[in-house]
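Coordinate analysis (summary)
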Amino acid sequence: MTVAPILPERSEWTVDDLGDLPEDLPYELINGRLIVPSPTALHQDLCVEILLALRVNCPAEYLVSIDLSMRVDRRNEPRPDVVAIRREHADRSPVPVEDALLAVEVISPTSTFRDLYDKAKVYAHAGVRTYWVVDPLHEKMTLTEYALSPSGEYEVATHTEDLFVTERPWKVSVDLPALTARRAGLLARDGQ
């Protein structure tokens, strides 16, 4: 029988505290709050689909990955659902956030505020040029693309439930209606 780890009690976490955690524990540190995510298979399937769309035209000097820690500062070490980084960091974790071209978060019922606000501020402050938020929680899946403005804040570049096409960080297309249908098919019960 496996026993769940007992985590140290802290009201505020920093990257210095992360060494106290089990090495195989997936975690995020957002604004000093420790988050231990437990994604569903549907969530992970959507992340893989986004990764595959990004890989189609990915330049050789970059790499697209899932669930990779990025060191931002002492109070923040997020793990974007999907991230585009420089290939030279393929064997590092956490990766330096300044080398991330794109961070993608797929909203789950327990992460909506964190993904739309907390992480958006963390990524913008760290200089991540493009941020996508995919929302699969409604009848039609949406993707919002945020671009870093000269003021260092994100501005909405695109919000769609249709075919999403962009040049950031390179030419990418994501067929949201197809992903919505895929999700519906995965959720469908036999005979329904």
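The protein chain is annotated in an unreviewed UniProt entry as Putative restriction endonuclease domain-containing protein from Micromonospora qiuiae.

**Brief notes about the nonpolar core**
Considering soluble globular proteins, one finds that nonpolar side chains tend to be buried as a cluster. Residues Ile 50, Leu 54, Trp 132 and Val 174 are the most contacted members of the largest nonpolar core, which totals 24 residues. Every element with two or more residues in this core is listed here: helix H1 (41-55), strand S3 (62-66), strand S5 (82-86), strand S7 (100-106), strand S8 (130-135), strand S12 (172-175) and helix H3 (176-187). Looking at this core, the element that brings in the most residues is H1, giving six residues. Excluding its chain neighbours within four sequence positions, the residues that come into contact with Ile 50 are Val 82, Val 104, Trp 132, Val 134, Val 174 and Leu 179. Leu 68, Val 95, Ala 124 and Val 133 belong to the second largest nonpolar core, which has 18 residues in total.

**Digging into the sheet that holds strand S9 (residues 142-148)**
Strand pairs in the sheet, formed through backbone hydrogen bonds, run parallel or antiparallel to each other. Here we have six strands laid out as an open sheet, ordered S3-S5-S7-S8-S9-S10, and mixed in their pairing. Of all the strands in the sheet, just S3 and strand S10 (154-160) have a single pairing partner and so form its edges. Put simply, the sheet's adjacent strands are angled 20° from each other on average, direction ignored. Alignment of S5 against S7, held across four bridges, turns out to be antiparallel. When the bridges of S7 are listed, Val 82 appears paired with Val 104. Each of S3, S5, S7 and S8 touches H1; the most contacted strand, S3, lies at about 170° to it.

About the cut-offs
- Residues numbered from 1 in each chain as written.
- Predicted model: local features only at pLDDT ≥ 70, side-chain atom pairs only at ≥ 80, totals over all residues.
- Heavy atoms only, no water.
- Core = buried A, V, L, I, M, F, W, Y, C linked by side-chain atoms within 4.5 Å.
- Buried < 20%, exposed > 50% of the residue type's maximum accessible area, 1.4 Å probe, protein only.
- Helix = DSSP H or I, 4+ residues; strand = E, 2+ residues; numbered from the N terminus.
- Contact = heavy atoms within 4.5 Å.
- Pairing = 2+ DSSP bridges.
- Axes fitted to C-alpha atoms, helices over the stretch in contact; angles between N-to-C directions.

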